[in-house]
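Summary of structural features
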Amino acid sequence: MHAYRTHNCGALTKENIGETVRLSGWIHRKRDHGGVLFVDLRDHYGMTQVVAKEGSEWLDLLDHMPNESVLTVTGEVVYRGDDAVNPKLATGEIEVVADDVVVQSRAKELPLPVAGEQEYPEDIRLKYRFLDLRRETLHKNIMTRVAVVSDMRERMKAAGFNEFSTPILTASSPEGARDFLVPSRIHAGKFYALPQAPQQYKQLLMVAGFDRYFQIAPCFRDEDPRADRLPGEFYQLDLEMSFVTQEEVWDTMEPVIAGTFEAFANGKHVTPSGSFPRIPYAEAMLKYGSDKPDLRNPLIITDVTSHFTTSGFGLFEKIVGSGGVVRVIPAPNTHEKSRKFFDDMNDWARKEGFAGLGYVTCKGGEFGGPIAKNHGQEGMEALYAELGLGENDGCFFAAGKESDAAKLAGAARIRVGEQLDLIDKDRFELAWIIDFPFYEYDEDEKKVDFSHNPFSMPQGGQEALETQDPLTINAYQYDLVCNGYEIASGSIRNHKPETMVKAFEIVGLSKADVEEQFGGMYRAFQYGAPPHGGMAAGVDRIVMLLCGAQNLREITLFPMNQKAEDLLMGAPSKPEPKQLRELHLRVVEPVKKEGEGA
RNA sequence: GCGGGUGUAGCUCAGUUGGUUAGAGUAUCGGCCUGUCACGCCGAGGGUCGCGGGUUCGAGUCCCGUCACUCGCGCCA
């Protein structure tokens with residue numbers, strides 16, 4: 001007989017009755033009835049009830065063995081009896097009578113119970129991640145993640161993509177996020193950087209003629225986290241294709257993404273491949289106030305600026321007069337809502353740092369609230385007619401500078417949708433957001449800058465760069481969104497060196513700068529570069545959506561906390577002086593704030 | 001860097017207007033219990049109320065500071 005097990009803890013059924021088997025696993029829970037003791041023995045595959053009866057030499061040992069201790073149990077499989085069957089358990093018809101027990105590993109008192117689905121403090125969960133990972137939901141989420149990654153890989157291979165690995169130690173890139181740096185021992189004062197994404201490598205693979213690349217790629221960015229953004233490192237389904245238009249990238253990836261979603265959606269609706277809406281960025285910002293709209297939310301924002309060029313409501317008239325805009329977020333069927341509902345929305349907007357959120361109530365066709373009063377009955381009727389609002393629909397107003405108003409309207413759209421419970425949780429609504437602007441005006445630096453990706457191809461190419469107002473140029477740049485999350489981003493790349501130089505010139509960088517900062521790629525483009533493009537999908541976010549988790553830590557094996565610390569391994573840690581010497585480094589502690597220390 | 005929330009037993013939480021000895025569940029330990037599956041019953045141990053300062057006759061409760069965890073803003077091509 002095998003030293004540890006003949007079956008796993010989820011395997012035994014009525015078929016095995018009468019067999020002598022050996023199981024190994026953790027003590028999930030025990031139930032002591034004096035003369036009879038039940039032990040739920042758990043492993044990765046399931047749970048089996050072990051029983052020790054009166055007179056058993058193992059009864060006392062098992063009774064005093066702490067939960068989560070690891071045992072090997074040998075004994076006969078018996079039927080539980082008609083009254084004792086547990087239909088909730090796959091092995092619920094049988095149990096194993098303990099004939100021999102070996103304690104492989106005794107557990108101390110647990111800082112974090114494994115059985116049960118209670119919530120526990122984040123720091124304890126992270127410090128004892130190995131225990132947390134034994135718990136049912138997290139264990140299951142991780143296995144879903146494994147299956148999703150495997151599924152994506154199969155679909156990509158089937159679509160003709162080849163999987164490549166690219167370097168982890170690379171060069172710092174001046175664009176984008178803050179890099180993680182790795183000091184060089186051999187080159188004093190020089191550093192490698194961990195890749196923020198394999199962007200340049202995958203483009204070089206296209207130049208090298210490999211045609212279709214993909215990778216489940218680790219990416220490293222030293223930025224502050226969010227619930228949907230892990231600190232430090234995360235994974236992308238990264239891909240690149242040669243000789244393609246952006247439509248071909250979309251057409252290629254829709255079946256992959258929709259296919260993976262459908263495979264793990266548990267019957268929830270998924271936008272079918274071939275019918276992902278393609279929404280221009282400008283339209284998304286107007287209608288949804290966001291470049292990652294949640295299309296489960298039925299509310300649509302409308303611009304009503306023209307209604308307020310002359311209005312009894314002085315504040316909006318003034319905002320419109322000085323070049324601002326007014327946007328409306330409908331609040332359908334709110335005639336029964338109290339004044340508090342509307343006032344609370346305004347308070348919320350102020351708390352979020354906006355000037356305020358106006359509102360109009362409407363009950364049986366009768367308008368209420370200060371805006372309606374001042375704007376006048378006729379004006380309100382015209383407004384409602386244009387918006388198609390009914391006699392019991394209220395609405396909210398976001399007014400101000402266009403970018404601020406759009407942002408507020410977008411946030412308010414989400415909040416109104418939540419408050420009125422308009423969002424269908426059982427859907428995955430996928431859409432492409434396309435035609436992102438190539439440049440944007442940087443208010444802080446007072447200059448034009450790249451708005452997204454400097455490697456993407458401006459629509460209109462070299463000619464647009466030479467003749468158009470830079471702020472009106474769009475890029476062949478697109479995102480994929482799902483339920484309010486950006487789950488992928490990509491573009492057709494700029495493979496023409498002279499266009500690259502021109503594009504960088506507009507943000508104030510010279511040809512020499514381009515050669516210095518993107519030397520490898522710039523050189524590559526001199527020797528025959530295929531037109532190419534691709535995208536990268538956030539594996540973590542997709543898994544989070546598919547698991548119904550609110551937080552990336554719920555789908556990640558060993559995440560760091562919000563301060564980018566690994567509480568289990570103790571990273572980051574102080575190096576030994578010898579290590580620093582070898583790396584030619586000296587630590588300069590930050591200056592302490594006033595009033596601290598001696 | 002900034003703003004919000006939370007912090008009371010190993011863990012999950014309650015704790016009234018500031019008022020006597022800070023409670024419950026669970027876990028741990030001891031006892032009882034022959035069919036449970038979140039078993040049940042009896043008992044015991046377990047507290048720097050995150051930390052520091054202040055107000056007060058008196059602080060878990062009020063005020064200031066600080067730390068930890070977290071959510072958001074900035075940031076994230």
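Residues numbered from 1 in each chain as written. Chains lettered and ligands numbered in written order. Predicted model: local features only at pLDDT ≥ 70, side-chain atom pairs only at ≥ 80, totals over all residues. Heavy atoms only, no water.

1. Let's talk about empty space enclosed by the protein
Inspection of every chain in the model, using the stated rule, returns one cavity of 30 Å³ or more. Quantified by volume, the largest cavity comes out at close to 40 Å³. Taken together, L126, R129, F558, P559, D566, L567 and L568 form the lining of the largest cavity. Residues that form the lining of the largest cavity fall into these classes: five nonpolar, no polar and two charged. (1 Å grid on protein atoms, 1.4 Å probe; cavity = no way out; pocket = protein on both sides within 12 Å on 5 of 7 lines; lining within 4 Å. Points joined across faces, edges and corners; volume = space filled by probe spheres on them. Nonpolar A, V, L, I, M, F, W, Y, C, P; charged D, E, K, R; others polar.)

2. Side note on the protein's contact with RNA strand B
In the vicinity of RNA strand B there are 49 residues, among which D32, A84, P121, R229 and H452 approach most closely. Within 4 Å of the protein, the contacting atoms of RNA strand B are drawn from sugar and phosphate to the extent of 55%. R31 has a polar side-chain atom sitting 2.5 Å from a base oxygen of RNA strand B. Separating a phosphate oxygen of RNA strand B from a side-chain N or O atom of N551 is a distance of 2.8 Å. Listed by contribution, the elements that provide at least two residues to the surface near RNA strand B are strand 1 (20-32), strand 2 (36-43), strand 3 (46-53) and helix 2 (122-127). The greatest single-element share of the surface near RNA strand B, amounting to four residues, is contributed by strand 1. Residues of the surface near RNA strand B, tallied by class, amount to 12 nonpolar, 15 polar and 22 charged. (Near = heavy atom within 4 Å. Polar contact = N/O pair within 3.5 Å; in protein donor to acceptor, adjacent residues only side chain to side chain. Helix = DSSP H or I, 4+ residues; strand = E, 2+ residues; numbered from the N terminus.)

3. Details of the sheet that holds strand 9 (residues 212-221)
Spatially, the eight strands line up as an open sheet ordered 6-9-10-24-23-22-19-12, and their pairing is mixed. Looking at strand neighbours, the two that pair on one side only are strand 6 (162-163) and strand 12 (278-280), the edges of this open sheet. The strands that helix 5 (residues 199-207) touches are strand 9, strand 10 (232-242) and strand 24 (532-538); relative to strand 10, the one it contacts most, it runs at about 20°. (Pairing = 2+ DSSP bridges. Contact = heavy atoms within 4.5 Å. Axes fitted to C-alpha atoms, helices over the stretch in contact; angles between N-to-C directions.)

Read these as geometric descriptors, not functional statements.
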